[in-house]
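The chain contents come next:
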Amino acid sequence: MKLFSSKPRTNLDPSSLTEPKYYYLDRSARIEAKRIRQRLQKWYDDFPDPTGDLLARFRSLNNVQHRGAAFELYVYSILKKLGYTITIHPDTSTSKHTKPDFKIKDKSGNICYVEAVSVSEHRPNESSKISRKNVVYDIIQKVRSDDFLLFTQEHGSPETPPKARQLKSQLEKWLSSIDFQNAELMYNSGGFTSLPRYYWDHENWEIEFTAIPRRNNVSLGNIAQRIGVKMGEVELISDQDLKNAILSKGKKYGRLDAPLIVFANANRFNFHKENECNILFGDEQIVFDPTHPEAKPTSTRAKNGVWISSKGIRYRRISAVAFCPDVNPWSMANRNIQVYMHPDSYYSISGSILQLSTVRVDESGKIEYIEGKHPRNILTLPIGWPEGDMD
């Protein structure tokens, strides 16, 4: 079975904001997209999928379904390269009817269950608002003006679909009324803040457009994007969203007869070790002693982590959490994995999985980072893949 169509590809246009991720990857003639298609197909050829479940989710035009399937294939391929024998959706010894994604066994006989969870960047109740915005921005990209790029700053979100084509006409009329030479003089003498601006609002959504003169008055033609820079309110999944996703996996299968490892894909760009520790061990806090104001503040953690609560250590059934920040088909070669070990799990982790970078808590409570193999080296992906001259 094939992940992608076999049609000839000639389209080099960038992806629009409303275009499904799978659709763009399938239609793009860019060499980078071709490399991704070839690599993912190679991985899928080795993936047991008799019912076509992963295939259907991967080819879905729903970005959440597509990203989740791509991440599952990525995790499977890493485990396979580490030498594991893998069973898909295995039966378990618990009374629950739910089945983990994988059961893995290395050459030494070490067994683990694995669950791959990909947490979407946008919450379900925000998806419609994001979609409405993207429709508007896609139409703005078609604004006709050879002289100016647009810098946008936004605030709020629309509750109903804006009249995007009407806005496009308003912007074209506004841009055509601006004298290019005068705008360039304004920029040279007064900087960015002196440039012409246009204000637009729809319900609770406000956008400020700034017309930026193109250097040397180079014509853009009809294919270039008009938005030079887009600034807005960054909408990200929170640490709590990831915490909830991991906890749900801990509840889903009951107490298994072998270690459970949760691979958690945080689909956000600003995810760091501090976030990982906060999620698992509790939020870091700085404590001041009001009775001794001269004393240095101390650092402690709130008892609100996946593994640490007000009642002490919990969720021993989750032996490890492998954080994979913002993994998608375009970023796979550039993202590392950190495998955090539970400080007191029912089953300890051993075997090939320890070839990845691991994190442990020693007896004093100090967090120890042990660098391991980067996933791109396990998957034999060059640095910078899929970009660059690699063929």
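Keep in mind the model is a prediction, meaning the values are calculated, not measured.

Draft legend 1. Expanded view of the overall build of the protein. Within the protein, the regular secondary structure consists of 10 helices and 16 strands. Based on the C-alpha atoms only, the size of the protein along its principal axes is roughly 75 × 70 × 40 Å. Sorting the 391 residues of the protein into buried and exposed places 47% on the buried side. Of the contacts made within the protein by residues no fewer than 6 positions apart, 66% connect residues no fewer than 24 positions apart. A total of about 20,100 Å² of accessible surface is found on the protein, and carbon and sulfur atoms cover 49% of it. Across the protein, the mean location of the 55 positive side-chain charges is 5 Å away from that of the 47 negative side-chain charges.

Draft legend 2. Local environment of the layout of surface pockets. Roughly 300 Å³ of volume is contained in the second largest pocket. Together, 17 residues line the second largest pocket, and Arg57, Gly68, Glu72, Ala116 and Ser118 are the ones closest to its centre. Contributions of two or more residues to the lining of the second largest pocket are made by α3 (53–58), α4 (63–81), β3 (111–119) and α8 (239–252). Top element by residues in the lining of the second largest pocket is α4. It accounts for five residues. When the residues that make up the lining of the second largest pocket are grouped by side-chain class, the tally is five nonpolar, four polar and eight charged.

Draft legend 3. Representation of the packing of aromatic side chains. Per the stated rule, a full pass over the model turns up 18 aromatic pairs. Centre to centre, the rings of Tyr44 and Phe47 are 6.4 Å apart; their planes meet at 15°, and the pair counts as stacked. Of the two residues, Tyr44 and Phe47, neither departs from the other in class, the shared state being buried. Seen in terms of ring centroids, Phe323 and Tyr340 are 5.6 Å apart; in terms of plane orientation they differ by 80°. Their pairing is edge-to-face. Of the two residues, Phe323 is situated in strand β13 (residues 318–325) and Tyr340 in strand β14 (residues 338–341); the sequence distance between them amounts to 17 residues. As far as the burial class goes, Phe323 and Tyr340 line up, both buried. One residue, Lys273, lies across the ring of Tyr369, its end atom 4.3 Å from the ring centre.

Draft legend 4. Expanded view of the environment of Leu3. Inspection of the secondary structure puts Leu3 in the segment before α1 (21–27). The exposure class of Leu3 is buried, given its relative accessible area of 0%. Taking the C-alpha atoms as reference points, Leu3 and Ala56, separated by 53 residues in sequence, lie 8.8 Å from one another. If we skip the residues at most four places from it in the chain, Leu3 touches Tyr22, Leu40, Gln41, Tyr44, Leu55, Phe58, Arg59 and Leu73.

Draft legend 5. Spotlight on the confidence of the model for the protein. Across the protein, the average pLDDT comes to 87, with 92% of residues at or above 70. The low-confidence segment residues 229–235 (pLDDT under 50) makes 21 contacts with residues lying over four places distant or belonging to another chain.

Draft legend 6. Examining the packing of α8 against helix α9 (residues 273–281) more closely. For the pair α8 and α9, interaxial distance at closest approach is 10 Å and the crossing angle is 50°. Our classification of the angle between α8 and α9 gives oblique. Considering only the axes of α8 and α9, their crossing is right-handed. Contacts between α8 and α9 involve Asp239, Leu242, Lys243 and Ile246 from the former and Asn275, Asn278 and Ile279 from the latter.

Draft legend 7. View of α4. Taking 1.5 Å as the rise per residue, α4 with 19 residues should run 27 Å; its terminal C-alpha atoms sit 27 Å apart, in good agreement. The N-cap residue of α4 is Asn62: its side-chain oxygen and the backbone nitrogen of Val64 are 2.8 Å apart. At the C-terminal side of α4, Gly83 shows a positive phi close to 95°.

Draft legend 8. Inspection of the pattern of salt bridges at higher detail. Across all of its chains, the model carries 14 salt bridges by this definition. Glu387 is the salt-bridge partner of Arg30, the closest N and O atoms lying 3.6 Å from each other. Of this pair, Arg30 sits in the loop between α1 and α2 (31–45) while Glu387 sits in the segment after α10 (375–378), and the two are 357 residues apart along the sequence. A relative accessible area of 24% places Arg30 in the partly exposed class. Classification of Glu387 by relative accessible area gives partly exposed; the value is 38%. For Asp91, the salt bridge is made with Lys99, and the minimal N-O distance between the two is 2.9 Å. With a relative accessible area of 40%, Lys99 lands in the partly exposed category. Residues joined by salt bridges that share partners form a network here, namely Lys7, Arg9 and Asp26.

What counts as what
Residues numbered from 1 in each chain as written. Predicted model: local features only at pLDDT ≥ 70, side-chain atom pairs only at ≥ 80, totals over all residues. Heavy atoms only, no water. Helix = DSSP H or I, 4+ residues; strand = E, 2+ residues; numbered from the N terminus. Buried < 20%, exposed > 50% of the residue type's maximum accessible area, 1.4 Å probe, protein only. Contact = heavy atoms within 4.5 Å. Areas by Shrake-Rupley, 256 points an atom, 1.4 Å probe, with all protein chains shown as cover. Lys, Arg positive; Asp, Glu negative; His and termini not counted. Charge placed at Lys NZ, Arg CZ, Asp CG, Glu CD. 1 Å grid on protein atoms, 1.4 Å probe; cavity = no way out; pocket = protein on both sides within 12 Å on 5 of 7 lines; lining within 4 Å. Points joined across faces, edges and corners; volume = space filled by probe spheres on them. Nonpolar A, V, L, I, M, F, W, Y, C, P; charged D, E, K, R; others polar. Phe/Tyr/Trp six-rings, centres within 6.5 Å; stacked < 30°, edge-to-face > 60°. Lys NZ or Arg CZ within 6 Å of the ring centre and 35° of its normal. pLDDT = per-residue confidence, 0-100. Axes fitted to C-alpha atoms, helices over the stretch in contact; angles between N-to-C directions. Parallel < 35°, antiparallel > 145°, perpendicular 65-115°, else oblique. Left-handed = near helix turned anticlockwise from the far one by under 90°. Expected span 1.5 Å × (residues − 1). Polar contact = N/O pair within 3.5 Å; in protein donor to acceptor, adjacent residues only side chain to side chain. Salt bridge = Lys/Arg side-chain N within 4 Å of Asp/Glu carboxyl O.

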